[in-house]
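Here's the letter readout for the chains.
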Amino acid sequence: MPENCIYIARSSAIAARALAGEMMVMNSADSTFFTLNQVATAIFQAADGRTPLREIVRERVCEQFDVDPEQAQADAEQFVTELSSHGILLVSNRPLASGTPR
Amino acid sequence: MMAALRKVACVEIGEVPIALSTRDEGFLDLLRQRYDGFLSSSPPEFELEFDLESARPASDDDVRVRREGDEWLVERGDFHARWDPRTGRGSVRQNANPYSLDSVLRIVHSLILAERGGFLLHAASVICDGRAYLFSGVSGAGKTTMTRLAPADITLLTDEISYVRPGADGYWAFGTPFAGELAKAGENCKAPVSALFFLEQGPENRVDELPSAEAVRRLMRNILFFAEDRVLVEKLFATACDFVAGVPIRRLTFYPDARVWDQVCNFGRNFARSFQRVPEHA
């Protein structure tokens, strides 16, 4: 899948809460539980299904954190792959309806 | 032939009165003995009708709790229950085993509490100086040991299943009749929760901070909840986050002798003192 075509949306089967500066995400289907760091939280919160991942990385990660753009993109793709394998994020090469309004 | 009338015992745990009815005199006696101290004359909020089936064997199967239409269906080898949260009424078919009775009651309370922002927790709990302290952990972590080592002036709420729900100024812990190894029901009283400790046994007594995410993770792992229901699980997660945001959660490593209670009581006093301290610029 070409990287500039990746769209991500939060699954409707999750619950997420920010607590003490950390974002906690739980897949309510199987109660698996994840803690996101600041960069991952920025990507997660921007996962609206309409904004390409590359744009999210450029505007939400590279502009707010001191990171190398290429490295940030690679890390973001790895993060997205991991969370999608746990049913937290939906991934597509077309825009998605966001799974959850949170 | 006219059916035998149902006899009722109202059992009130966590200020939630539930009428338990049966046609069997022996089972009624068992109910009254088992929940002595939690019998109530309050108007019941909920009703459970018990019908005994001697053919149902004792069971170590996993319980299944799922929605079927508007009702909750609760099943294990030794019981089968239906409960409609809209009408507050349900029916149970089980043998006369008190452990089956306890299980059904715990599950119904866990469903009621989940809707009301509370939870049942695998934890011992006590009242000390008017405040409740909870001690949670896996089997063998030391819940019963902590209650055995407690000073004589503490009030035991439970050595096994803690009952927690939101109330005035935070979360409150209530006594339950659900006993663990101590084989002793808790006192039927309540107190505001001062702290939750996750227990680990070690060579010395010490209290350590837990990061919030780890606290939520441990709390979720120890909450009794069986329902296959995404909405309620999400609600429970939100409750766990609120609890962690509002109640001190610590890891208590302890060497099993009575001195551990100095740590607990000192923590409570120091925390209360720092919480009440007036800021210098005020």
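Residues numbered from 1 in each chain as written. Chains lettered and ligands numbered in written order. Predicted model: local features only at pLDDT ≥ 70, side-chain atom pairs only at ≥ 80, totals over all residues.

Asks: What should I look at first to understand the overall build of chain B in this one?
Replies: The helix and strand inventory of chain B stands at six helices and 15 strands. Computed over the C-alpha atoms, the radius of gyration of chain B is 20 Å, within 12% of the 19 Å expected from 2.2 N^0.38 for a compact globule of 282 residues. (Helix = DSSP H or I, 4+ residues; strand = E, 2+ residues; numbered from the N terminus. Rg over C-alpha atoms; globule rule 2.2 N^0.38 Å.)

Asks: Help me understand the pairing of strand E4 (residues 32-36) of chain A in this model?
Replies: All names here are of chain A. For strand E3 (residues 22-27) and E4, the ladder comprises five bridges, and the chain directions are antiparallel. Across the sheet, residue Met24 finds its bridge partner in E4, namely Thr35. Where E3 folds back on E4, the antiparallel hairpin that results is connected by four residues, among which Ser31 adopts a positive phi of roughly 60 degrees. (Pairing = 2+ DSSP bridges.)

Asks: For this particular structure, what's the right way to read the nonpolar core?
Replies: Most often, soluble globular proteins have nonpolar side chains that are buried together. In this structure, Ile8 of chain A together with Val104, Val108, Leu134, Ala173, Val216 and Ala240 of chain B are the most contacted members of the largest nonpolar core, which totals 104 residues. Ranked by residue count, the leading element in this core is helix H2 (residues 98-115) of chain B, at nine residues. Of the residues that make up this core, three or more belong to each of domain 1 (7-115) and domain 2 (119-276) of chain B. (Core = buried A, V, L, I, M, F, W, Y, C linked by C-beta atoms within 7 Å. Buried ≥ 20, exposed ≤ 12 C-beta atoms within 10 Å, placed from the backbone. Domains from an automatic or database assignment.)

Asks: Just checking my understanding: could you explain the domain arrangement of chain B for this structure?
Replies: Where interface size is quoted, it is often the accessible area lost as the parts come together. Residues and elements named next belong to chain B. Here the domain parsing of chain B yields domain 1 (7-115) and domain 2 (119-276). Computed from C-alpha atoms alone, the centre-to-centre distance between domain 1 and domain 2 is 25 Å. Facing the 19 residues of domain 1 at the interface are 20 residues of domain 2. Looking at the side of domain 1 that touches domain 2, the elements with two or more residues in it are strand E4 (64-68) and H2. Tallying contributions element by element places H2 first for the side of domain 1 that touches domain 2, with eight residues. (Contact = placed C-beta atoms within 7 Å.)

Asks: I tried to follow the interface of chain B and chain A on my own but got confused; where do I start?
Replies: Taken together, the contact pairs 13 residues of chain B with 13 residues of chain A. Secondary structure elements with two or more residues in the side of chain B that touches chain A: helix H4 (212-222) and helix H5 (230-246) of chain B. The leading source of residues in the side of chain B that touches chain A is H5 of chain B, at eight residues. Within the side of chain B that touches chain A, the residues separate by chemical class into nine nonpolar, one polar and three charged. (Nonpolar A, V, L, I, M, F, W, Y, C, P; charged D, E, K, R; others polar.)

Asks: Would you mind going over the sheet that holds strand E5 (residues 71-76) of chain B with me for this structure?
Replies: Residues and elements named next belong to chain B. Strands sit in the order E1-E2-E3-E7-E6-E5-E4 across an open sheet of seven strands; the sheet is mixed. Here the strands that pair on one side only, and so sit at the sheet edges, are strand E1 (7-13) and E4. In this sheet, adjacent strand axes meet at a mean angle of 20 degrees when their direction is disregarded. Sheet analysis places E4 next to E5, joined by five bridges and oriented antiparallel. (Axes fitted to C-alpha atoms, helices over the stretch in contact; angles between N-to-C directions.)

Asks: For this particular structure, what's the right way to read the sheet that holds E4 of chain A?
Replies: The strands making up a sheet are joined through hydrogen bonds of the backbone, oriented either antiparallel or parallel. Taken in spatial order, the three strands make up an open sheet running E2-E3-E4 (chain A), and their pairing is antiparallel. Two strands in the sheet have a free side with no partner beyond their single neighbour: strand E2 (14-19) and E4 of chain A. Averaged over all neighbouring strand pairs, the angle between strand axes comes to 20 degrees, with direction disregarded. Together, E2, E3 and E4 of chain A form the strand contacts of H4 of chain B, whose direction differs from that of E3 of chain A by roughly 25 degrees.

Asks: What is the right way to read the environment of Gly26 of chain B from this model?
Replies: Along the chain, the position of Gly26 of chain B falls in helix H1 (residues 25-34). In this structure the C-alpha to C-alpha distance between Gly26 of chain B and Cys265 of chain B, which are 239 residues apart in sequence, comes to 44 Å.

Asks: Mind showing me how you'd approach the confidence of the model for chain B here?
Replies: Interpretation of this model should avoid reading the predicted coordinates in detail wherever pLDDT is low. All names here are of chain B. Looking at chain B as a whole, its pLDDT mean stands at 90, while 94% of the residues score no less than 70. Throughout residues 276-282 the model reports pLDDT below 50, and contacts reaching past four residues in sequence, or to other chains, amount to zero contacts. In the model output, the complex is listed with pTM 0.86 alongside ipTM 0.73. (pLDDT = per-residue confidence, 0-100.)

Asks: Would you mind showing me how to read the packing of helix H1 (residues 38-46) of chain A against helix H2 (residues 53-62) of chain A here?
Replies: Helix-helix packing is characterised by the crossing angle of the two axes and by the distance between the axes. Residues and elements named next belong to chain A. Two elements in contact, H1 and H2, have axes whose closest approach is 10 Å; the angle formed by their N-to-C orientations is 130 degrees. If you check the angle between H1 and H2, you find them oblique. Crossing of H1 over H2 shows right-handed handedness. Seen from H1, the contacting residues are Val39, Ala42, Ile43 and Ala46; seen from H2, they are Ile56, Arg60 and Val61. (Parallel < 35°, antiparallel > 145°, perpendicular 65-115°, else oblique. Left-handed = near helix turned anticlockwise from the far one by under 90°.)

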